[in-house]
Amino acid sequence: MIGRIARKEMTEMFRDGRFQLASAVVVILLLASLGAGWKHYSDLKTQHETAQRAERVNWLGQERKNPHQGAHYGVYAFKPKSQLSMVDTGVDPYVGVAVYLEAHKQNEFKFRPAQDASTSIQRFGELTAAVVLQILIPLLIILLTFSAFAGEREQGTLRQVLSLGVGRGRLATGKALGVAGAMSVVLVPATLVGVGTLSLTSMTGLLAVDVSRTLLMVAAYGLYFLVFLALSLAVSAVSASSRLALVALLAFWMVNGLIATRAFSDLAGYLHPTPSEVEFDTALQRDLADTKALNAKLDVIKVGLFQKYGTSTLDELPVNFRAISLQEAEEHGYAVFEKHFGDVFDRFEGQNAVYQWGGVVSPLIAVRSISMGLAGTDFAHHRHFTVAAESYRRTIIRSMNDDILVHPTKAGEEYLAGSELWRRVPEFQYVEPDASWALSHYTTSLSLLGAWLVAAAFVLSVALRRINV
Amino acid sequence: MLEAVDLTKRYNGQVALDRLNLTIPPGEVFCLLGANGAGKTTTINLFLNFTDATAGTARINGLDVTTAPLETKRFIAYIPEQVMLYRNLTGLENLEYFSALGGHEYERSQLVALFRQVGLPPGVEDQRVGTYSKGMRQKIGIGIAIAKRARALLLDEPTSGLDPKAANEFSELLKQLSSQGVAVLMATHDLFRAKESGTRVGIMKRGRMVATMTTSEIGHADLERLYLEHMHD
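What you see is a predicted model; the values in this text were computed from it and never measured.

Our focus in this paragraph is the packing of aromatic side chains. All names here are of chain B. For the structure shown, the criterion picks out 20 aromatic pairs over all chains. Geometrically, the ring pair formed by Tyr86 and Phe98 is stacked, given 5.7 Å between the ring centres and 20° between the ring planes. Residue Tyr86 is found in the loop between strand S6 (76-79) and helix H3 (91-101), and its partner Phe98 is found in helix H3; the two are separated by 12 residues along the sequence. The same class applies to Tyr86 as to Phe98, namely buried.

The structure is reproduced here in structure tokens:
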């Protein structure tokens, strides 16, 4: 019987011009956003791969020079784009995906600690598939569901249907399946065809999708849609008229999609303010310039070496003191960078934690956080990559300094290294963490999304009992 | 088949139905007469369990409608003043859907035969119901009841607003059903129709059943006189 109800609902919707129009708009937007996401993804991926290869060739092709100059020559590291980033670009547009690795400095990405102090990084900008999924599909669900009960009551068919001895739960389930079915019939083939065509015609070939991340993302959005479906049915069941049901649901949609996201972004920024770029730089430079401890440490090391080797000049040491001094200066820098970047990064994570609690009033906030995490475009992945890139930078510099160390020079001489040294530095390999790592940052959002589903189901069951015939 | 025992309904202290006692055996057509607000629709709503009784019991086939709300509905069919249909579906699809929800699946040929049985002209079954007249809708209502194999009908002014021919056809269909043992409870304003198709009539006033009589024992003029007497304050 439930299947029967679902089928009738679908038939009615398919014959309804409003459904045809609304779903056509959503399909077009979904395809367009996926297309744009794909283009962006494949362009960037190709560029990054090309650039990364060129970087390696340039690095290996350096002429003979002092290793420290090699360290200054530096390399670019690119954060690999995940396939799912074409669905959800997350914070990537705000934080950047490439970083220049060189001696003495941990560079920022295009990442500027709150250059935009007033807004947090989670606001939405361009049209992505994620925006379609998070904002427009719920709207479509509302438009398809608001009259499910209220409309039938106004039409007079509700009394007749209930007089037939149809259980209210079955009726609601059938209607929910009808809406879900109608939407799937439109959206699933459109998505498959869109993605399929793009992947077949593109340079990068078939998608090698991260299956677990993709399935989890599908599940997260599925749950999100279910919340809307159940709430819409509940509101439709108890509303005095379908008009009122629509108004109430649109109000919720606005709070969910526009007001709550903005409010919690601002709240997060207020509770965990980030320094402006100038403040950040000033504080960083001040700590870097404070080399008293460094100089004292170098003096101690120097005296120790003089004693050990029974000499009193640097020229007579069997090791190159310049390497030690360079490496110690780097270590001094590491500590300062770790402190300052760590502080700002912690503040962003604090913002994320606050923002996630917005899921209490807006399931969108919960699903948005999870979606970004699974797409690998959230702040946690950014930080993960930053740490990997920084660790690679330290590997380069350590290799250079170690080489200088074992090549002592007299005053006025310069040691030159060649390609065998450049080759000794391994290529940068970044391994993206797995899906469970990604989700581990979103326990709040996952719990809240689950809570929304339970609450929506409960509200629906209460509403069905109170249905006004 | 349909039974009310001291059935009472009050809305915010206002009496809508006052200790109604009524038994309608199979094959009987019981017509509820009375002004608007006399309690006719309330009675039907109570049998449908669409509203809770303040006191008393409504039973269908011996089962209390409040304790077995879904089971009791399996025995009945409800036809409102205006049978409402899904306008994006054809007549046949509507009949098929309502039959299926009533628990009976039919082949297309059987459904088409039902259309003929209730007197709908060939071809209309595949039209969207937006084009249907009220008379056609009421016939679909009967069709749904037949398809459901209902053993009792609850009719709420099913012929009001129908032209005489359509109303007559509707009454004929009712007679056919009652001759097959279906119990009918019909609320109506139409004294003539009540006398013609009813086996018994009951006059209601302010929630109370003030008189019941057997139609075969009373003439049309007498019924009208009696009715007006009761309506007179």
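In this section: the pairing of S6(B). Residue and element names in this part refer to chain B. Neither face of S6 is left uncovered, since the one carrying Ile76 and Tyr78 and the one carrying Ala77 and Ile79 both have all their residues buried. Sheet topology note: the S6/strand S7 (residues 152-156) ladder contains four bridges and is parallel. What sits directly across from Ala77, in S7, is Leu153.

Taken together, the contact between chain B and chain A spans 28 residues of the former and 23 residues of the latter. Summing both sides of the interface, chain B and chain A together bury roughly 2,400 Å²; the carbon and sulfur share of this comes to 57%. Three residues, B:Phe50, B:Tyr86 and B:Leu101, lead the burial of chain B against chain A; their summed loss comes to 28% of the area buried on that side. There are three salt bridges connecting chain B and chain A. The interface formed by chain B and chain A holds nine residue pairs in polar contact (both at pLDDT 80 or more) in total. Here the element with the most residues in the side of chain B that touches chain A is H3(B); it accounts for six residues. Among the residues forming the side of chain B that touches chain A, the class breakdown is 16 nonpolar, five polar and seven charged.

The next subject is the side chain of B:Lys73. Relative to the helices and strands, B:Lys73 resides in helix H2 (residues 69-73). One buried charged residue, B:Lys73, forms no salt bridge at all, with the nearest opposite charge on B:Asp52 at 9.6 Å. Discounting residues that sit within four places of it in the chain, B:Lys73 has contacts with A:Leu162, A:Ser163, A:Leu164, A:Gly165, B:Leu48, B:Asn49, B:Phe50 and B:Lys148.

Attention shifts here to helix H5 (residues 134-147) of chain B. Given a rise of 1.5 Å per residue, 14 residues ought to cover 20 Å, and the 20 Å separating the end C-alpha atoms of H5(B) matches this to within 8%. Counting buried residues along H5(B), 14 of its 14 residues qualify, which places the element largely inside the surrounding structure.

Next up on the list: the sheet that holds strand S3 (residues 29-34) of chain B. All names here are of chain B. The mixed open sheet is built from six strands, whose spatial order is S6-S7-S8-S3-S9-S10. Taken across any chain shown, the strands that pair with only one partner, and hence form the sheet edges, are S6 and strand S10 (208-214). Across this sheet, the average inter-strand angle for adjacent strands is 15°, counted without regard to direction. Both S3 and strand S8 (residues 183-188) contribute to a ladder of five bridges, which runs parallel. Counted as the bridge partner of Leu32 is Ala187 from S8.

Before going further, it helps to examine the environment of A:Ile135. As for its position among the elements, A:Ile135 is in helix H5 (residues 129-145). The spacing of A:Ile135 and A:Leu364 is 229 residues in sequence and 8.0 Å in space, taken between C-alpha atoms.

Residues and elements named next belong to chain A. Inspection of every chain in the model, using the stated rule, returns 33 salt bridges over all chains. Where Glu338 meets Arg394, a salt bridge forms, and the shortest distance between an N and an O atom there is 2.8 Å. You can see Glu338 sitting in helix H13 (residues 321-357) and its partner Arg394 sitting in helix H15 (residues 379-405), a full 56 residues away along the chain. The salt bridge involving Asp402 is made with Arg398; its shortest N-O contact spans 3.7 Å. Within this pair, Asp402 and its partner Arg398 are both found in helix H15, separated by four residues, close to a single helical turn. On the basis of relative accessibility, which here comes to 35%, the residue Asp402 falls in the partly exposed class. A relative accessible area of 39% means that Arg398 is categorised as partly exposed. A network of salt bridges, in which partner residues are shared, links Lys8, Glu9, Glu12, Glu152 and Lys175.

All names here are of chain B. Looking at chain direction, strand S1 (residues 2-11) and strand S2 (residues 14-24) are connected through seven bridges and run antiparallel. Within S2, the position partnered with Arg10 by the bridge is Val15. Taken together, S1 and the strand that follows it, S2, pair antiparallel across an intervening segment of two residues, in which Asn12 is found at a positive phi of about 50°.

A separate point is the sheet that holds strand S2 (residues 98-102) of chain A. With antiparallel pairing, the three strands of this open sheet are ordered in space as S1-S2-S3 (chain A). Two strands lie at the open edges of the sheet, namely strand S1 (75-78) and strand S3 (105-106) of chain A, each paired on one side alone.

Conventions adopted
Position numbers for residues start from 1 in each chain and track the written sequence from start to end. Throughout, the order in which chains and ligands are written sets their labels, letters from A for the former and numbers from 1 for the latter. Whole-chain, interface and lining totals are the exception, using all residues; otherwise, since this is a predicted model, local features are given only for residues with pLDDT of at least 70 and side-chain atom pairs are given and counted only at 80 or more. For side-chain calculations, the full set of non-hydrogen atoms in the structure is used, while hydrogens and water are omitted. Each pair of aromatic rings taken from Phe, Tyr and Trp, with Trp reduced to its six-membered ring, is defined by centres within 6.5 Å and is described as stacked if the planes are under 30 degrees apart, edge-to-face if over 60, and tilted in the remaining cases. Runs of H or I in DSSP of at least four residues are treated as helices and runs of E of at least two as strands, each being numbered from the N terminus. In this scheme, a residue with accessible area under 20% of its type's maximum is buried, one over 50% is exposed, and one in between is partly exposed, where area comes from a 1.4 Å probe on protein chains only. Pairing between two strands is assigned when DSSP locates at least 2 bridges connecting them. In this description, contact between two residues means that some pair of their heavy atoms is separated by no more than 4.5 Å. Two parts placed together each lose some accessible area under a 1.4 Å probe, and adding up what both lose gives the buried area. Salt bridges are counted wherever a side-chain nitrogen of Lys or Arg sits within 4 Å of a carboxyl oxygen of Asp or Glu. Any N or O atom pair separated by 3.5 Å or less is treated as a polar contact, with the protein-specific requirement of one donor-capable and one acceptor-capable atom, and with residues adjacent in sequence counted only for side-chain atom pairs. Note on residue classes: Ala, Val, Leu, Ile, Met, Phe, Trp, Tyr, Cys and Pro are nonpolar, Asp, Glu, Lys and Arg are charged, and everything else, Gly too, is polar. We count Lys and Arg on the positive side and Asp and Glu on the negative side, and we leave His and both chain ends out. One less than the number of residues in a helix, times 1.5 Å, gives the span that helix is expected to have. To get an axis, fit a line to the C-alpha atoms, keeping to the stretch in contact for a helix; angles then go from 0 to 180 degrees between the N-to-C directions.

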